[in-house]
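# Topology and contacts: notes
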Amino acid sequence: MGEGRLVVVATPIGNLGDLSPRAAEALRGADLVAAEDTRRTGTLLAHVGSEAPMRSYHGHNEAARVGELLDRVAAGEVVVLVSDAGTPGISDPGYPLVREAVARGLPVEAVPGPVAAIHALVLSGLPTDRFAFEGFLPRKAGPRRQRLAELAEDPRTLVFYVAPHRAGEDLAAMAGVLGAQRPAALARELTKRFEEVQRDTLGALAEAFAEGARGEVTVVVAGAPERAAGEVGAEELLARVRALLATGLDKKAAIAEVAKATGVPKKEVYQAVLEG
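Read on for an overview of the structure. Computed from a predicted structure; not experimentally measured. (Residues numbered from 1 in each chain as written. Predicted model: local features only at pLDDT ≥ 70, side-chain atom pairs only at ≥ 80, totals over all residues. Heavy atoms only, no water.)

### Some points on the sheet that holds strand S8 (residues 183-188)
- With mixed pairing, the five strands of this open sheet are ordered in space as S6-S7-S10-S8-S9. Here the strands that pair on one side only, and so sit at the sheet edges, are strand S6 (131-136) and strand S9 (196-201). Ignoring which end each strand starts from, the neighbouring axes of this sheet average 15° apart.
- Pairing of S6 with strand S7 (residues 157-162) involves five bridges; the strand directions are parallel. In the sheet register, Phe133 faces S7, and the bridge partner there is Val159.
- Of the strands in this sheet, S6, S7, S8, S9 and strand S10 (217-221) are in contact with helix H5 (residues 116-124), which crosses S10 at around 50°. (Pairing = 2+ DSSP bridges. Helix = DSSP H or I, 4+ residues; strand = E, 2+ residues; numbered from the N terminus. Axes fitted to C-alpha atoms, helices over the stretch in contact; angles between N-to-C directions. Contact = heavy atoms within 4.5 Å.)

Quick look at the structure:
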């Protein structure tokens, strides 16, 4: 048995044609494949002609599996890590396993491939020179608004993963905190037959997908425009408040959130709402 190693392999996010020859070779040469969903990965292994045994490795058993998998690497086995789709560790299980492998001094390799965040960023038409990947927003409204408030003045392009059934509320929260007129793009079903990219403002996208979206969704949002502190027009203030109201927040709280995110006094935000 040769030198053991952990190999992190990126797999297609929709189109099997995106599986690289190197990834297929890694799957065929594995002593063990650690898979987020063994049924889905079983189909992939059959596609490349791999007979490697599998072991489940997902968000609910990560802590229990790390030691077992790395003990096999230490014993000289090649353990390949895959997620359901895309690159393990990017909003998918993988980070704890890689972290512990590095801590134990075990060899770690990565076979690059599809990442929905990068695919959507490139297609968005928004600046790609500086960007921040934020993954999924918190599910609860309060923590979600807090996360967005921390990003409100970030000049980098922002990339989010969005659960299809939460697309409406996530987009409404983005419009309320980041700005309804902020340019954005919503990409869904990337690399698949019905791939779609809609480019518009956050406010318009929130309206278009108020009832949710079908398929895997990635949202790309333009960074904060350069402006003096508090330099936000009445129209944008009103749009932000309305977007937050659409998430179920009451008017007083919505005005306070917009004031905090924009640096505009609450009195001015209230006036914009009153005149709107």
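There is more to say after this.
### Quick word on the sheet that holds strand S1 (residues 5-9)
- If you walk across this open sheet you meet the five strands as S3-S2-S4-S1-S5, and the pairing is parallel. On the outer flanks of this sheet lie strand S3 (54-56) and strand S5 (108-111), each paired with one strand and no other. Averaged over neighbouring strand pairs, the angle between their axes works out to 25° when direction is ignored.
- Pairing of S1 with strand S4 (residues 78-82) involves four bridges; the strand directions are parallel. Residue pairing across strands places Leu6 opposite Val79, the latter belonging to S4.
- Relative to the sheet, helix H1 (residues 21-28) contacts S1, strand S2 (32-35), S4 and S5, its axis offset from that of S5 by approximately 135°.
- Of the strands in this sheet, S2, S3 and S4 touch helix H2 (residues 38-48), which is tilted by about 155° from S3.

### Remarks on the environment of Glu153
- You can see Glu153 is positioned in the loop between helix H6 (141-151) and S7.
- Judged by relative accessible area, which is 44%, Glu153 ranks as partly exposed.
- Taking the C-alpha atoms as reference, Glu153 lies 5.1 Å from Ala224; in sequence the two are 71 residues apart. (Buried < 20%, exposed > 50% of the residue type's maximum accessible area, 1.4 Å probe, protein only.)

### Some words on the packing of helix H3 (residues 62-74) against helix H4 (residues 95-103)
- At a minimum axis distance of 9 Å, the contact between H3 and H4 shows a crossing angle of 40°. As judged from the angle between their axes, H3 and H4 are oblique. Crossing handedness for the pair H3 and H4: right-handed. Residues Glu62, Val66, Leu69 and Leu70 of H3 form the contact with H4, whose own contacting residues are Tyr95, Pro96, Leu97, Glu100 and Ala101. (Parallel < 35°, antiparallel > 145°, perpendicular 65-115°, else oblique. Left-handed = near helix turned anticlockwise from the far one by under 90°.)

### Overview of unusual backbone geometry
- In this structure, Ser91 takes a positive phi of about 55° despite not being glycine.
- Note that Ser91 resides in the loop between S4 and H4.
- At Thr191, a residue that is not glycine, the phi angle is positive and equals roughly 70°.

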